[in-house]
Amino acid sequence: MIQITKFVCGPLQENCYLVTDPTTEKSILIDPGSPDQSLLEALKKLPGKLTGILLTHGHFDHIGGINAVEDISDVPVFVHSGDAPMLTDGRKNLSLYFGKTLTCNCTQKPVEDGDEISFGAQSFRVLHTPGHSGGSICYIGDGVLFSGDTLFARSIGRTDFPGSDEKQMALSLEKLQSLPGDYQIYPGHGPQTTLSTEKLQNLYFRNEL
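A quick note: this is a predicted structure, and the numbers were derived from the prediction, not measured.

Parameters and conventions
- Residues numbered from 1 in each chain as written.
- Predicted model: local features only at pLDDT ≥ 70, side-chain atom pairs only at ≥ 80, totals over all residues.
- Heavy atoms only, no water.
- Helix = DSSP H or I, 4+ residues; strand = E, 2+ residues; numbered from the N terminus.
- Rg over C-alpha atoms; globule rule 2.2 N^0.38 Å.
- Buried < 20%, exposed > 50% of the residue type's maximum accessible area, 1.4 Å probe, protein only.
- Contact = heavy atoms within 4.5 Å.
- Areas by Shrake-Rupley, 256 points an atom, 1.4 Å probe, with all protein chains shown as cover.
- Salt bridge = Lys/Arg side-chain N within 4 Å of Asp/Glu carboxyl O.
- Expected span 1.5 Å × (residues − 1).
- Arc of directions from axis to C-beta.
- Polar contact = N/O pair within 3.5 Å; in protein donor to acceptor, adjacent residues only side chain to side chain.
- Pairing = 2+ DSSP bridges.

(A) Seen up close, the overall build of the chain. When its secondary structure is counted, the chain shows 5 helices and 14 strands. In summary, the chain has a C-alpha radius of gyration of 16 Å against a globular reference of 17 Å for 209 residues, a match within 12%. The principal-axis extent of the C-alpha atoms belonging to the chain is close to 45 × 40 × 30 Å. Considering the chain as a whole, with its 209 residues, one finds that 51% of them fall into the buried category. Relative to all contacts within the chain whose residues are 6 or more apart in sequence, the contacts with residues 24 or more apart total 57%. Only carbon and sulfur atoms are counted for the fraction: they give 50% of the accessible area of the chain, which is about 9,400 Å².

Okay, here's the thing in C-alpha cells:
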C-alpha cells in the first residue's frame, strides 16, 4: 500500500502529494504548487530517494514549487506534451496574469496517454483528460487516482481559461465515468472523494448542468 502525504500549497490552496512506495522507500511528488516549507522539509528528511515530479497540468499554481524542489533533488519532471510549453512561458501557465512571471528550470519528460511511470515497486498509468488545459492528465494507480483540476469533489475544473475547452472536458469526464471499479480520488484542490461517490453525486457526471 502506497503512503500518501498531502501538502496544501499557495494562496489558491493547491494540493501537492508526496507518494512513497514503502517497500523500496522511493517516492514521487505530484504537483508541487509552491515552495511550501513543510513540503521542502519533508523532502529533505525522506529516508529514500525522490525519483520524479509528476504534473497533472501546467498552470502556475501546480508548478510553482518545482525550482525549489529541484534545488533539493535534481529529478525529471513528467508532463503531458500538450502542457510542456507552460513550464517556460508565464503567459501560458497564467502566472503573468497574477503579477509574477513563473518559469521552471527542469529536465522535462513528456508523457502521453497510456504511458506507465514507475517508482520502486509501484507504477502509475497516464490518462489524458484535456479540458481544463490541453495537456491535463490523471495518474491511475492501484485503487487511487490523482485527478488534478479535471475532477473535484462534486465539481470539475474551470474551462474558461486560455487553452481550456468545455467540449474536451465533457469527453474527459465520460472517460473517467467509464472506468471500471472504484478509486480514491486525490484532486488538485479541495477534499478527497471516491469515483463511486462522484458517479452518484457529481452533477457534471449526471449531465444535469
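(B) Structural view of the pattern of salt bridges. Under the counting rule described, the total for this entry stands at 3 salt bridges. The partner of Glu41 in a salt bridge is Lys44, with the nearest N and O atoms 3.7 Å apart. Of this pair, Glu41 and Lys44 both sit in helix α1 (residues 37–44), 3 residues apart, which is roughly one turn of that helix. Across the salt bridge formed by Asp160 and Arg158, the nearest N and O atoms sit 3.0 Å from each other. Using a relative accessible area of 54% as the deciding quantity, one classes Asp160 as exposed.

(C) Representation of helix α4 (residues 166–177) within the structure. Relative to the 16 Å expected for 12 residues at 1.5 Å per residue, α4 spans 16 Å between its end C-alpha atoms, a close match to the ideal helical length. Residues of α4 that are buried include every one of Met169, Ser172, Leu173 and Leu176, and no others. In an axial view of α4, the angular spread of the buried residues amounts to 105°, which keeps them on one side of the axis. Facing away from the buried surface of α4 by more than 90 degrees, the exposed residues are Lys167 and Leu171. Its buried side turned inward, α4 meets β8 (122–128), β9 (137–140), β10 (144–148), β11 (151–152), β12 (155–156) and α5 (195–201). The backbone nitrogen of Lys167 lies 2.9 Å from a side-chain oxygen of the residue at the head of α4, namely Asp165.

(D) Summary view of unusual backbone geometry. Its identity is not glycine, yet Gln13 carries a phi of approximately 55°, on the positive side. Within the secondary structure layout, Gln13 lies in the loop between β1 (3–9) and β2 (14–21). Unlike most non-glycine residues, Arg154 shows phi in positive territory, near 65°. Inspection of the secondary structure assignment puts Arg154 in the loop between β11 and β12. Overall, the relative accessible area of 41% leaves Arg154 in the partly exposed class.

(E) Spatial organisation of the side chain of His128. Along the chain, His128 turns up in strand β8. Take His128: its relative accessible area is 18%, and that puts it in the buried class. Residues within four places of His128 in sequence aside, it is in contact with His80, Asp113, Gly134, Gly135, Ser136, Ile137 and Lys175.

(F) Examining the pairing of β2 more closely. Of all 8 residues making up β2, 8 are buried, and the element is well covered by its neighbours. Both faces of β2 are covered, namely the face carrying Glu14, Cys16, Leu18 and Thr20 and the face carrying Asn15, Tyr17, Val19 and Asp21. In this sheet, β2 lies alongside β1 in antiparallel orientation, the contact comprising 7 bridges. Considered in β2, the bridge of Lys6 is made with Tyr17. Between β1 and β2, which follow one another and run antiparallel, lie 4 residues, and Gly10 among them has a positive phi close to 75°. Across 5 bridges, the pairing between β2 and strand β3 (residues 26–30) is antiparallel. Along β3, the bridge assignment pairs Asp21 with Lys26. Count of turn residues in the β2/β3 antiparallel hairpin: 4 residues, of which Glu25 carries a positive phi of about 65°.

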